[in-house]
Amino acid sequence: MNKKYIFGGLIILTFIALAMFSFQDNTTEFVTIAEAKASNENVQVYGHWLKDKETNYNPEKNEFEFFMEDESGNTFKVLHSGAKPNNFEIAAKVVVKGHYENDIFISNQILTKCPSKYEGTIEELQES
Amino acid sequence: MLGQILIYVAFGLSVLSGFFYIIAKDKQSFLKLGRIAYYGVTATMLAISMYLLSNILSHNFQMTYVWEYSSTTLPLNLLISTFYAGQQGSFLLWGLTLTLIGFFLIPYLKERNYEYVTMGIFVLVIAFILLILIFKSPFEFVWQTYADQNVEVGFMPKEGRGLNPILQNYWINIHPPILFLGYSAMTIPYIFAISGLLKKDYRKWIRLALPWTLFASAILGLGLMLGGLWAYETLGWGGFWAWDPVENSSLIPWLTAVTLVHTMYIHQKTGGLIKTNFVLAFLTFLFVLYATFLTRSGVLGDTSVHSFVSPGPIIYKLLLIFMILFLLLAVITLFVRLNKIKSPEINFKVSSKEFIVSLGVIALLLVTFIVLFGTSWPIITDIIGITKSTVEVKWYNQLNLPLAVLMMVFSSLALYFSWNRTDLSKIIKKIVIGVTAGVILTLISIIMGVNQFSYLILVFSVGFSIYVNMEFVVKNIRKDKKLLGGFLSHIGLALLLLGALASGAYSESIQVRMKNGQYAEFKGYRIEHNGKERVELDKHDREKYEYNIDIIKDNDTTRVHPVAFWSEFNDMESPFFEPGVKMTPFKDIYIAMALTPHYDVKPVALKKQLSAPVSLDTTYKMKMLDFLMLDMQKGPMNENNEPKEFMNIGVLVRLSNDKGFIKEDTLFAEMNMKTMGNEPVWYDLDTTNIQIGFMQIMPDKENLANSGALFMFKEKGGVLSMPEEMLILEISDKPFINLVWIGTILIVGGFFVSLFKYMTPKQLKNTLRTDNLAENN
């Protein structure tokens, strides 16, 4: 067989293999709160902030705590290492990344989603 | 109405133009008709855009799109940018840039006798975008959008909702138009390739499409770079690239376009890689469509920091159909002609330049594949029905690092190789200095503290690549300027990677809290908070503050101004932030800000039936039961029939401690009806020295009955400590971040240099002559 194909093919195969092997450790699954509680892996959870429950930022430790509920109505407490994210109050949905440990979800990343603010609502139309 | 009609007219004309262009074989009159119809499309598209712009500028909030994205408070430049702040306008901008590109493409094609079919496919793309605009028009009226909710016909909202404060920046005038121009230009290789296949021309199209592919790569590259700068300088992401799906989806077509430039170049020199060129030309455009699908269809909704609006099932389906149709067109035409494409037997020898460049191409394709696969993974999981997941940023970094090394090594080595065959023994002598340069740079970085093996390999190849390409710049600057662009881009790549490594892997950061007048220490810098100033006082929809943060080292003080921007856009509920950056040649000091109020004694906010410990003595608990609004029930007017300035309100609480229930009592306060703040009647808590004050009603906008109350505490005889604002600063350094900008400028600049070299009149004439020769043969 031609040397050039061996060479090129080797590069391709090596990298595809590398990509596949490292893939598992580098993906984070979306799970429900119930699933997050049952697992100790790094996961991400999609839900919304429970405004009525205690929400607190601790500046000494730089930790932000709040309660979150998912679609099936399960809730848990989230402890996020970092400040309260921008737009947290107006976010319709939040995604937290982290793991569940001792009755608390320890989060290292929060994404806030603000769809309702980016498309007008009829109430706003009539107010204006 | 007018806008809608214009869109239909443009659509009709584009279909007509496409029709004539596709059936025009050997018929000059049809070509002419196609062209005339195209000019009609151009004129109508300009009219549509002008019409939208005039509605935006005249604040015609009857139009849903204008109402949704603009307002009377925006300055002119931002007002103009609301043209493309939403979906519909983005599609229109895409269509507009496409149409304008076509306008300049026609004379180019006409001169080379390549207009037939080529323009037909091009207009087809425009027609599809117009079709989207028909279904999702920017000219819809509010009473049409909210038809099910009985909005009166002719209703004119007084004010628009305004532009997201995050976007209120000059960058929005620059970045999106350039990005869309780049996207549009990526269509050109595709139409040349289809046209080539249909006309059984398997070679000439490559030469004709090359300058346009260079143009597309240059412009989209510029767009990507500006996006990175925007994210770093204003959005406060802390970096220039986050492997976010939105960023990735515009990177993918750029990567294939850049690969295509290389394979086109190999083809020019060897006559080979014909099929590869076809496939890459197709992929480039298909990836633009895929990027649009990813970012505009809402499929990646949960996985990106960018916000997406779900555009509704029609747009989702249209984009999907759009993508599949153009994929099928490419696959079918290629399949039909596959056997007729006769590549010359180009057996690349291992010792040839074309082989080494091909290896670089393979590395580029692998990068493309990795980014494509990682970005698409959440969709793939949906399709194959496993738990949805996303790929971590470090996966991209891990895999792309060795590929970056390969790219740099191959692109540099290739310069010493000759086309067809090279004497390998001579190469070794030639690369000695380059290798030495790499080793020196590696040693320097070891001294500076780099100790990870993979990073050192990267640094070595950066040093090697920079030296080799510099050597060739110097050699060729007089003789042969044609390749200068390539050398510059390769130097740029090396610098970019070095800058990315240094500023990414060797950035240190601390998080500090500061009140006005306080300071922090960071790596020999003293960082002081010296107050804030309110800016843009003339604008009533916002409170915007620039903070004075002084970065002091030795006797040198630089003041940076991170910004907190409270806007009515989100009812002033939370501010938007911009970072403060001190830029120096070798590193930046980057200050990202957040705010929190600071209280010496923590206040307690309670809704009905909720309880909390008392702040100064947590053995006591208080539970809020209800409001007592006796004064309010007497009506808002006083005896003289004037609005009351003050009203007495009360809140019923239940007090307890660890021994059990103490009592239920009412805490009174006088509420100022203008400020809604309370003057509390301080209430003694049991036998302690603590007093409770009812400070404020905390209204719940959605359900007033669910409102809460805010309580503060002080010691008897003591003063109430008022809240102070506390800054939370994340201070980091970004070593050698400037290499990232210099590198990207060189990469993009290199494309422009190649483009202008290619587009000089002499070159163009040469292409023409050889084209005619080829035809005569």
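Rules behind the numbers
Residues numbered from 1 in each chain as written. Chains lettered and ligands numbered in written order. Predicted model: local features only at pLDDT ≥ 70, side-chain atom pairs only at ≥ 80, totals over all residues. Heavy atoms only, no water. Pairing = 2+ DSSP bridges. Helix = DSSP H or I, 4+ residues; strand = E, 2+ residues; numbered from the N terminus. Axes fitted to C-alpha atoms, helices over the stretch in contact; angles between N-to-C directions. Contact = heavy atoms within 4.5 Å. Expected span 1.5 Å × (residues − 1). Buried < 20%, exposed > 50% of the residue type's maximum accessible area, 1.4 Å probe, protein only. Polar contact = N/O pair within 3.5 Å; in protein donor to acceptor, adjacent residues only side chain to side chain. Domains from an automatic or database assignment. Parallel < 35°, antiparallel > 145°, perpendicular 65-115°, else oblique. Left-handed = near helix turned anticlockwise from the far one by under 90°. Nonpolar A, V, L, I, M, F, W, Y, C, P; charged D, E, K, R; others polar.

## Topic: the sheet that holds strand β20 (residues 724-735) of chain B
All names here are of chain B.
Right, so step 1: Strand order in this open sheet of four strands is β2-β20-β10-β9, and the pairing throughout is antiparallel. One side of each edge strand has no neighbouring strand; the edge strands of this open sheet are β2 (509-514) and β9 (580-583). Strand-to-strand twist in this sheet, taken as the mean axis angle between neighbours without regard to direction, amounts to 20°.
Right, so step 2: Here β9 pairs with strand β10 (residues 587-598) via four bridges, running antiparallel. Looking across to β10, one finds that Gly580 is bridged to Ile591.
Right, so step 3: Of the strands in this sheet, β9, β10 and β20 are in contact with helix α10 (residues 204-235), which crosses β10 at around 50°.

## Considerations on helix α9 (residues 187-198) of chain B
Residue and element names in this part refer to chain B.
Right, so step 1: For α9, built from twelve residues, the straight-helix expectation of 16 Å at 1.5 Å per residue is met to within 8% by its first-to-last C-alpha distance of 17 Å.
Right, so step 2: Burial runs high along α9: eleven of the twelve residues are buried.
Right, so step 3: When α9 is considered as a whole, its buried residues turn out to be Thr187, Ile188, Pro189, Tyr190, Ile191, Phe192, Ala193, Ile194, Ser195, Gly196 and Leu197.
Right, so step 4: Of the residues trailing α9, Lys200 is marked for its positive phi of about 55°.

## Here's the deal with unusual backbone geometry
Residues and elements named next belong to chain B.
Right, so step 1: For Lys200, which is not a glycine, the phi torsion comes out positive at approximately 55°.
Right, so step 2: Relative to the helices and strands, Lys200 resides in the loop between α9 and α10.
Right, so step 3: Positioned with a positive phi, Asp686 is a non-glycine residue whose angle comes to about 50°.
Right, so step 4: Turning to its location among the elements, Asp686 is positioned in the loop between β17 (683-684) and β18 (690-698).

## Notes on the side chain of Ser217(B)
All names here are of chain B.
Right, so step 1: Positionally, Ser217 belongs in helix α10.
Right, so step 2: Side-chain polar atoms of Ser217 contact the backbone oxygen of Thr213, separated by 2.7 Å.
Right, so step 3: In this structure Ser217 touches Met186, Trp254, Ala257, Val258, Val261 and Phe751, once residues within four positions along its chain are discounted.

## Re the domain arrangement of chain B
Right, so step 1: What the domain assignment reports for chain B is domain 1 (1-163), domain 2 (509-591) and domain 3 (604-722).
Right, so step 2: Distance from the C-alpha centre of domain 1 of chain B to the C-alpha centre of domain 3 of chain B: 58 Å.

## Section: the packing of helix α17 (residues 432-447) of chain B against helix α18 (residues 453-479) of chain B
Residues and elements named next belong to chain B.
Right, so step 1: Interhelical geometry of α17 versus α18 gives an angle of 135° and a closest axis separation of 7 Å. By the criterion of interaxial angle, the relationship of α17 to α18 is oblique. At the point where α17 passes α18, the crossing takes the right-handed sense. Packed against α17, whose contacting residues are Ile433, Gly434, Val435, Ala437, Gly438, Val439, Leu441, Thr442, Ser445 and Ile446, the element α18 presents Leu456, Val459, Phe460, Val462, Gly463, Phe464, Tyr467 and Val468 at the interface.
Right, so step 2: Partitioned by chemical class, the residues of the contact of α17 with α18 number 13 nonpolar, five polar and no charged.

## Considerations on the environment of Asp148(B)
All names here are of chain B.
Right, so step 1: Here Asp148 shows up in the loop between α7 (142-145) and α8 (171-185).
Right, so step 2: Given a relative accessible area of 63%, Asp148 falls into the exposed group.
Right, so step 3: Separated by 181 residues in sequence, Asp148 and Leu329 have C-alpha atoms that sit 40 Å apart.

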